[in-house]
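# Residue-level structural notes
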Amino acid sequence: MIRTTPFHPRLSELNTQGLYTHWQGYLSALRYSHAPKHEYFAVRNGVGLFDTSPLFKYRVYGPDAERFLAGVLVRDIRTCRPGRAQYTLWCDERGFVMDDGVVFRHSDDDFLLTTARASLGWFQDLAGRMQVAFEDVSDAYGVLAIQGPRSRAALRDLLPAVDELPFMGHAPGKVGSAPVTVSRTGYTGDLGFEITVDSGDALEVLDAVLDAGRAHSLRPYGEEAMGMLRIEAGLPLVDVEWHNSRLAFTDHERVTPTELGMGWMLRGLLDDDRAFVGGAAIRGELRERSSRWAAVSIVVDWQEWDRLFRDAGLLPTKDENPLPYESMLYDEDGAQVGYVTSFMYSPVLQRHIGLARVRPALAPTADGLGPVVRMELAIQHHNTTVAARTARYALFNPARKTAKP
């Protein structure tokens, strides 16, 4: 059965195209206008609104909730204070990534975990005799993401707390008579906030946000625009950059946190004795430096790209829509050294960029740039390659995203 989110009755009125995809059984807008690029620029230059309600939402609470989460999540939840949130992963016993999500800490023993894929059964099976309870509240709440450099200004009169929230902070508030939680979180790599509201109050809150955002030219954006935003920001996507280890057929489809570009989550892990699922395997990988891949961005040599197309009698393509397939990477001798998982022309950076995995020796150095590799592409039914440099993740990473208010 196809379902709709609590915001759908109003957002469907703004969708001039009627184009949707499915996200965990819910209708999710691909775009709202004829040009998703316009929606993309609304986020990069102003403010955009995205309905992220299809996320699964699990309340985890009880005297042992912190101890339980510390034993199953890659990041140490004990370092997350009430009123803060953590982006995190969870892995299988072999240290391969299963899923990712954001955990919001509301008190010492009360948490809300959001994730794109269903995981409740896996968590419940690990609880054992611990005093921890789980509640699937996915349908109880709608979530709006308000993202972009004008997001704070658009929400300021509606939710004054946005002027005080640190990056990954959250606070209770009210929109009209509706209680909400506002958090400084999002999936665009820019300044942004998310509003979590009871489903029954969703339309009242959405109407208020649309009214408040009108003076700032707020517009909704769909999954096509989100796909562009996340690549620039170096944000991996499940079933694109990785597959849940429980659902993968071979280890070629599996990655560890380090191979996914999340090594920053593991800082200090070798000096910490916290036990968590997959921890022993992950520590072994760190000690032995046995990672198979390094996660990188790539930036294509635009002059060679242009020359290849012009020599073929074509205008150089500059398509912001991500390719729906992988592209292989080679060294100068023609040996395969990696693969590109996501690739597009970045409208803001005005470069062809991508997210990729390369052999660790080709990872970027301290200056943020790595060696030249060659990316395959086809021009007029003929395979060729173009030069590209590896670079660190997050090619678009404005200071305003994490700056103190």
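Sequence order as written defines the numbering, with residues in each chain counted from 1. Local features in a predicted model are, by the rule used here, given only for residues with pLDDT of at least 70; side-chain atom pairs are given and counted only at 80 or more, and totals for whole chains, interfaces and linings are based on all residues. Side-chain figures throughout are based on the complete set of non-hydrogen atoms in the structure, without hydrogens or water.

For the rest of this paragraph, the subject is the side chain of Thr 88. Within the secondary structure, Thr 88 sits in strand 5 (residues 85–91). Under this definition, polar contacts are N or O atom pairs within 3.5 Å; protein pairs additionally need one hydrogen-donor-capable and one acceptor-capable atom, and for neighbouring residues in sequence, both atoms have to be side-chain atoms. Here the side chain of Thr 88 touches Arg 75 through a polar contact of 3.3 Å, landing on its backbone nitrogen. Labels follow the DSSP assignment, with helices taken as runs of H or I lasting at least four residues and strands as runs of E lasting at least two, numbered in each case from the N terminus.

The gaps of empty space that remain are located by a probe, the size of a water molecule, rolled over the atoms. Using a 1 Å grid laid over the protein atoms alone, points where a 1.4 Å probe fits but cannot get out form a cavity; open sets with protein on both sides within 12 Å along at least 5 of 7 lines form a pocket; any residue with an atom within 4 Å of a point counts as lining. Grid points are joined across faces, edges and corners, and a volume is the space filled by probe spheres set on the points. For the structure shown, the criterion picks out one cavity of 30 Å³ or more. Computed from the structure, the largest cavity encloses a volume of approximately 120 Å³. Leu 27, Ser 28, Ala 29, Tyr 32 and Asp 51 are, among the 13 residues lining the largest cavity, the residues nearest its centre. Residue assignment for the lining of the largest cavity shows that the elements contributing at least two residues are helix 1 (8–14), strand 2 (26–29) and strand 3 (48–51). Within the lining of the largest cavity, the residues separate by chemical class into eight nonpolar, four polar and one charged. Note on residue classes: Ala, Val, Leu, Ile, Met, Phe, Trp, Tyr, Cys and Pro are nonpolar, Asp, Glu, Lys and Arg are charged, and everything else, Gly too, is polar.

With that out of the way, let us pick up the pattern of salt bridges. We define a salt bridge as a side-chain nitrogen of Lys or Arg found within 4 Å of a carboxyl oxygen belonging to Asp or Glu. Counted under the stated rule, the structure contains 22 salt bridges. Asp 139 is the partner of Arg 3 in a salt bridge, and the nearest nitrogen-oxygen pair spans 2.9 Å. Of this pair, Arg 3 sits in the segment before helix 1 while Asp 139 sits in the loop between strand 8 (133–136) and strand 9 (141–147), placing them 136 residues apart in sequence. A salt bridge links Asp 211 to Arg 214; the nearest nitrogen and oxygen atoms lie 2.8 Å apart. Pair noted here: Asp 211 and Arg 214 are both in helix 6 (residues 202–214), with a separation of three residues, about one helical turn. Each of Arg 44, Asp 190, Glu 232 and Arg 400 takes part in one network of salt bridges that share partners.

Okay, the layout of surface pockets next. Its volume calculated, the second largest pocket comes out at about 350 Å³. Broken down by secondary-structure element, the contributors of at least two residues to the lining of the second largest pocket are helix 9 (302–311), strand 16 (336–346) and strand 18 (369–379). The greatest single-element share of the lining of the second largest pocket, amounting to four residues, is contributed by strand 18. Considering only residue class, the lining of the second largest pocket consists of ten nonpolar, five polar and three charged.

Moving on to the sheet that holds strand 11 (residues 178–183). In any sheet, the strands associate via hydrogen bonds between backbone groups, in a parallel or an antiparallel arrangement. Between any two strands, pairing holds if DSSP finds at least two bridges. Spatially, the six strands line up as an open sheet ordered 10-11-12-9-3-13, and their pairing is mixed. The open sheet terminates on both sides in strands that have one partner only, identified here as strand 10 (170–175) and strand 13 (219–220).

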